[in-house]
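Close look at the chain arrangement
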Amino acid sequence: MKLKNYMKEGQKLPLFGVGPYLIYGIGLFTAICIILFAYVFEIGTLTGFWTWGFGILGVALIIFGIIIWFVGALKSGMDESITENKLKTDGIYAWVRNPMYSGWWIALTGISFLWHNACMIPVFFINWGVMTIVLKNTEEKWLADLYGAEYEEYKKNVNRCIPWKRIPQNIQRCIRKE
């Protein structure tokens, strides 16, 4: 399946949104941190077991991130949903609201772990924070304006960046009452 890069008449959202700028930004920040901590200041590098642990975790995160991005970008039918102005809530979008951003974020975290450097751990959280702030102030506002209550309900049940199945709100209310 090939992504289409065009605007259909009446289409309300851009096909790519702020995505390229966000991903290039956190990717560049991650690369700069790797260079600074590992090669310029030479601080935080772990040895022994940590080398293997970070390496294995890094490779697993890279693979997981690529799979999430691939499914969200090429196997979800999202470009059709955007051109038809329909809110996408099934498939991978039932697990995470932003699989393409999440996939890159997770893969970049995995890449940074390959340097087995403890100073890179905060970069994971900084990138998550930047991604959260950018998405809340751009795409989430656009989607709320476009879809209203439907999007607000979707936000309650699906995480922004970390893919996992939440317990739907109506089931949570039933559990709390018992």
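Scroll up for the structure.
Overview of the structure.

What counts, and at which threshold
- Residues numbered from 1 in each chain as written.
- Predicted model: local features only at pLDDT ≥ 70, side-chain atom pairs only at ≥ 80, totals over all residues.
- Heavy atoms only, no water.
- Axes fitted to C-alpha atoms, helices over the stretch in contact; angles between N-to-C directions.
- Helix = DSSP H or I, 4+ residues; strand = E, 2+ residues; numbered from the N terminus.
- Parallel < 35°, antiparallel > 145°, perpendicular 65-115°, else oblique.
- Contact = heavy atoms within 4.5 Å.
- Nonpolar A, V, L, I, M, F, W, Y, C, P; charged D, E, K, R; others polar.
- Salt bridge = Lys/Arg side-chain N within 4 Å of Asp/Glu carboxyl O.
- Phe/Tyr/Trp six-rings, centres within 6.5 Å; stacked < 30°, edge-to-face > 60°.
- Buried < 20%, exposed > 50% of the residue type's maximum accessible area, 1.4 Å probe, protein only.
- Expected span 1.5 Å × (residues − 1).
- Arc of directions from axis to C-beta.

**Some thoughts on the packing of helix α6 (residues 139-147) against helix α7 (residues 149-157)**
Running from amino to carboxyl end, α6 crosses α7 at an angle of 130 degrees, the nearest separation of the two axes being 6 Å. By the angle between their directions, the pair α6 and α7 is classed as oblique. Along the contact surface, α6 presents Glu140, Leu143, Ala144 and Tyr147, while α7 presents Ala149, Glu150, Tyr151, Glu152 and Lys155. Partitioned by chemical class, the residues of the contact of α6 with α7 number five nonpolar, no polar and four charged.

**Quick notes on the pattern of salt bridges**
Throughout the structure, instances matching the rule amount to six salt bridges. Overlapping salt bridges, with partners in common, bring together Arg97, Glu140 and Arg160 in one network.

**Examining the packing of aromatic side chains**
Here the structure, examined in full by the defined rule, presents seven aromatic pairs. Ring geometry for Phe124 and Phe125: centres 4.8 Å apart, planes at 85 degrees, overall edge-to-face. Here Phe124 falls in the partly exposed class, since its relative accessible area comes to 27%. With a centroid separation of 6.1 Å and 50 degrees between ring planes, the pair formed by Tyr151 and Tyr154 is classed as tilted.

**Topic: helix α1 (residues 19-40)**
In this model α1 runs 30 Å from its N-terminal to its C-terminal C-alpha over 22 residues, within 8% of the 32 Å that 1.5 Å per residue would give. Restricting attention to buried positions, one finds in α1 the residues Gly19, Leu22, Ile23, Ile26, Gly27, Thr30, Cys33, Ile34, Phe37 and Ala38. Projected down its long axis, α1 shows its buried positions confined to an angular sector of 125 degrees, all on one face. In this structure, α1 carries Tyr21, Tyr24, Leu28, Tyr39 and Val40 as exposed residues pointing more than 90 degrees from its buried face.

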